[in-house]
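Observations on chain architecture
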Amino acid sequence: MLNLGDLANPKKFIDPVHIDRADSEFLIQALCMMMLIRETEQCIAELVKSGIANCPCHLAVGQEAISVGVARHLNKQDRVFGNHRSHAQYLALGGDLEELLAEILGKVTGCSKGMGGSMHLYAGEQGFHGSVPIVAGTIPLAVGAALAAKFDQQGSVGVAFFGDGACEEGVLHESLNISSIMKLPMIFVVENNLYSSHLDIQQRQPFDSTSRFAEAHGIPYEVVEGNDVGVVEKAAAKLIQRARDNKGPGFLEAVTFRWLGHVGSNEDIDVGVRRSLEEIKAWKKRDPVQRLFLALEKNEIMSQKEFQQHLQDIKKRVSQAKENALQAPWPKLENLESYVYASTGSE
Ligand SMILES: Cc1ncc(C[n+]2csc(CCOP(=O)(O)OP(=O)(O)O)c2C)c(N)n1
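Summarised in this report is the structure supplied together with it. (Residues numbered from 1 in each chain as written. Predicted model: local features only at pLDDT ≥ 70, side-chain atom pairs only at ≥ 80, totals over all residues. Heavy atoms only, no water.)

**Some points on the nonpolar core**
- Counting 72 residues, the largest nonpolar core has Leu31, Val70, Val229 and Leu252 as its most contacted members.
- Ranked by residues supplied to this core, first place goes to helix H1 (residues 24-49) with 14 residues.
- The contact partners of Leu31, leaving out residues within four places of it in the chain, are Val289, Leu292, Phe293, Leu296, Met302 and Phe307.
- In this structure, Phe81, Leu176, Phe188 and Ile219 belong to the second largest nonpolar core, which totals 21 residues. (Core = buried A, V, L, I, M, F, W, Y, C linked by side-chain atoms within 4.5 Å. Buried < 20%, exposed > 50% of the residue type's maximum accessible area, 1.4 Å probe, protein only. Helix = DSSP H or I, 4+ residues; strand = E, 2+ residues; numbered from the N terminus. Contact = heavy atoms within 4.5 Å.)

Dropping the structure here:
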């Protein structure tokens, strides 16, 4: 597959998403998790805007369905890695909300002890083994984890979440190659939001579908609408089960769009550079949260009143976590270098 066609056209796919009534329980949970991610990122945006959060924050508002859909089929024994835009993956896998906000505020109670910030998240007990801002940097780490999983023979998988920009790094291609030839239980998840920093994929690559790289390495792939949690989870289920059955790697390309600028809290950071307000407006109609709610409402699975109740509960939860994180202590100065050098074990 070389081009995404309609999948990359924001004017398509704006009807309510299609849902399977038998899956109601998951769909309600998925909607609540997407709302939690959205509220959390909006809270982070406010903290950035007001100058309280000082680390660079890359928000994924608009992309929530991908993490939530994939996470449905992962468990704590799997080994998942993210990138610079990983708040959603961390939360979808069960990472602690208060520890996330504390990390972003540089507090000692943060998930990386306040030493890493937004781009260095970690929730090992939930299977999230870290995010790193070096573009494509965690892909080979996930491949290494997949190799370990193959030796362990417990049916777990390595997973790397990354963007379309990471496909321009050589290490992705080496990672695809070795995963294919060694039949590793490895899942590559591309959140193709069509932009890398300020540049449209059409100005960076000859074709806009990244799945062509999987095809070149003989790796099965799925290309889906990334703003529809139902189709994301079904595609993920297929690839992950295959990997667990020792049949080799899979590649999931989920097409989406970020509503905010590349980094920080502004919607319009890129407007006038490469993105137009019309394009952002069109993509907002393809909102993964609103469209899922409309489908649930239409199928009488959730009412407007229930939706508002979930929203209020989530807002309260985020607000409480923010207050706790704000009150938490800073790291101590004497720990400045504590996590920089590994112990040699000889001291
Ligand atoms: C090796 C490397 N090159 C460049 C950068 C600067 N940089 C940070 S994020 C980014 C864009 C990445 O785009 P993509 O992978 O599509 O992810 P997205 O930001 O769209 O989620 C770039 C170029 C970096 N962090 N690491």
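Structure shown, so let's carry the discussion forward.
**A look at the pairing of strand E7 (residues 221-225)**
- Pairing geometry for E7 and strand E8 (residues 250-255), over 5 bridges, is parallel. Bridge pairing links Glu222 to Leu252 in E8.
- Handedness of the crossover joining E7 and E8 through helix H8 (residues 229-244) is recorded here as right-handed. (Pairing = 2+ DSSP bridges. Right-handed = clockwise from strand over helix to strand, strands pointing away.)

**Overview of a nonpolar patch on the surface**
- On the surface, Ile178, Ile181 and Met182 cluster together to form a nonpolar patch covering roughly 290 Å² of accessible area.
- Inspection of the secondary structure assignment puts Ile181 in helix H6 (residues 170-181).
- The class for Ile181 is exposed, based on a relative accessible area of 68%. (Patch = residues over 30% accessible without salt bridge, like charges linked within 9 Å, V, L, I, M, F, W, Y side chains within 5 Å. Areas by Shrake-Rupley, 256 points an atom, 1.4 Å probe, with all protein chains shown as cover. Salt bridge = Lys/Arg side-chain N within 4 Å of Asp/Glu carboxyl O.)

**Side note on the packing of aromatic side chains**
- On inspection of all chains with the given rule, the structure shows 6 aromatic pairs.
- Considering the side-chain rings of Tyr90 and Phe128, the 6.3 Å spacing of their centres and the 90° angle between planes classify their relative orientation as edge-to-face. A residue pair is termed long-range when its members are at least 10 positions apart, and Tyr90 in helix H3 (residues 87-92) and Phe128 in strand E2 (residues 128-131) qualify at 38 residues.
- Centroid distance Phe257 to Trp283: 5.1 Å. Interplanar angle 5°. Geometry classified as stacked. Here Trp283 lies in helix H9 (residues 277-284) and Phe257 lies in the loop between E8 and H9, a separation of 26 residues in the sequence.
- On the basis of relative accessibility, which here comes to 1%, the residue Phe257 falls in the buried class.
- These aromatic residues form a ring-pair network of at least three members: Phe162, Phe188 and Phe251.
- Looking at Arg275, its charged tip hangs above the ring of Tyr195, at a distance of 5.5 Å from the centre. (Phe/Tyr/Trp six-rings, centres within 6.5 Å; stacked < 30°, edge-to-face > 60°. Lys NZ or Arg CZ within 6 Å of the ring centre and 35° of its normal.)

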